[in-house]
Amino acid sequence: MSAELTEAVLAAQAGDEEAFRFLYRSLQPGLLRYLTALVGADAEDVASETWLQVSRDLPGFAGGEFRAWTVTIARNRALDHLRRQRRRPSLPVPVHALTDLADDADTEQRVGETLGTENALALIATLPPREAEAVLLRAVVGLDAETAGRVLGRRPGAVRTAAHRGLRRLAALLQRSEPASPPAPSPRALPGPRTASRPRPEASRAESADG
């Protein structure tokens, strides 16, 4: 956790409302994207429930990674919400094997730059669930692999592998979804200049009247 965030947490625990607003502004955008992937259109409601609990429980926060603590609350609220609605999560987390994958910084950077767009978030929803949630926590919320692993109850290596695999899939999807550059128009497709022999509308109407 950054020094600025740590200071804001301590100040908010002491009752500083401006510090709490800083925490909200810092975490809400990524948190809302994460919740959108989990509960869809109900993300705003779940985010509100999350911040109400954060506000209530903040005095008892004993330190550590504040973002991970907040995301864990959000995740639990999302699952509670889905149970109340009797709906399955948008990103269920089945247990399945993941193969090791090498780091790909270029891929992560390229995909990370576009994760804020609606198009990219829609593409994340098409990933296998474990990959999707790992990408959201690491590239959208900004958690490191160890912290994201604590949120998800998985080993850091498994989270890192899932995130890298998901980012590679996203890079391929984004590349396929990019529109091709339109071809340059040929000279024949361009409108030609008006010629002197083309009759004017007034002349055409006069000729019709004479006829």
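Preceding block: the structure.
Computed from a prediction, not measured in an experiment: that's the story for all the values here. (Residues numbered from 1 in each chain as written. Predicted model: local features only at pLDDT ≥ 70, side-chain atom pairs only at ≥ 80, totals over all residues. Heavy atoms only, no water.)

Engineer: Whenever I open this one, helix α4 (residues 66-85) confuses me. Can you help?
Structural biologist: Since the α-helix packs 3.6 residues into each turn, any two residues three or four apart lie on the same face. Its 20 residues place the ends of α4 29 Å apart at the C-alpha level, agreeing with the 28 Å of an ideal helix rising 1.5 Å per residue. Every buried residue belonging to α4 is among F66, A68, T70, V71, I73, A74, R75, R77, A78, D80, H81 and L82, and all of these are buried. Looking at the packing, one finds that the buried side of α4 touches α1 (3-13), α2 (17-39), α3 (43-57), α7 (129-141) and α8 (145-152). At the N-terminal boundary of α4, the capping side chain belongs to E65, with an oxygen 3.0 Å from the backbone nitrogen of R67. (Helix = DSSP H or I, 4+ residues; strand = E, 2+ residues; numbered from the N terminus. Expected span 1.5 Å × (residues − 1). Buried < 20%, exposed > 50% of the residue type's maximum accessible area, 1.4 Å probe, protein only. Contact = heavy atoms within 4.5 Å. Polar contact = N/O pair within 3.5 Å; in protein donor to acceptor, adjacent residues only side chain to side chain.)

Engineer: Can you walk me through the packing of α2 against α7 in this structure?
Structural biologist: Relative placement of two packed helices is described by the angle separating their axes and the distance separating the axes. Between α2 and α7, whose axes approach to 9 Å, the crossing angle comes to 165 degrees. Taken as axis vectors, α2 and α7 run roughly antiparallel relative to one another. Considering only the axes of α2 and α7, their crossing is right-handed. Here α2 contributes G30, R33, Y34, A37 and L38 to the contact with α7, which in turn contributes E133, L136, L137, V140 and V141. (Axes fitted to C-alpha atoms, helices over the stretch in contact; angles between N-to-C directions. Parallel < 35°, antiparallel > 145°, perpendicular 65-115°, else oblique. Left-handed = near helix turned anticlockwise from the far one by under 90°.)

Engineer: What should I look at first to understand the nonpolar core in this one?
Structural biologist: Considering soluble globular proteins, one finds that nonpolar side chains tend to be buried as a cluster. In this structure, L35, F66 and L137 are the most contacted members of the largest nonpolar core, which totals 47 residues. The set of elements that each furnish at least two residues to this core consists of α1, α2, α3, α4, α6 (118-124), α7, α8 and α9 (156-177). Residue contributions to this core peak at ten residues, all from α2. Among the domains, domain 1 (1-87) and domain 2 (116-179) are the pair contributing at least three residues each to this core. (Core = buried A, V, L, I, M, F, W, Y, C linked by side-chain atoms within 4.5 Å. Domains from an automatic or database assignment.)

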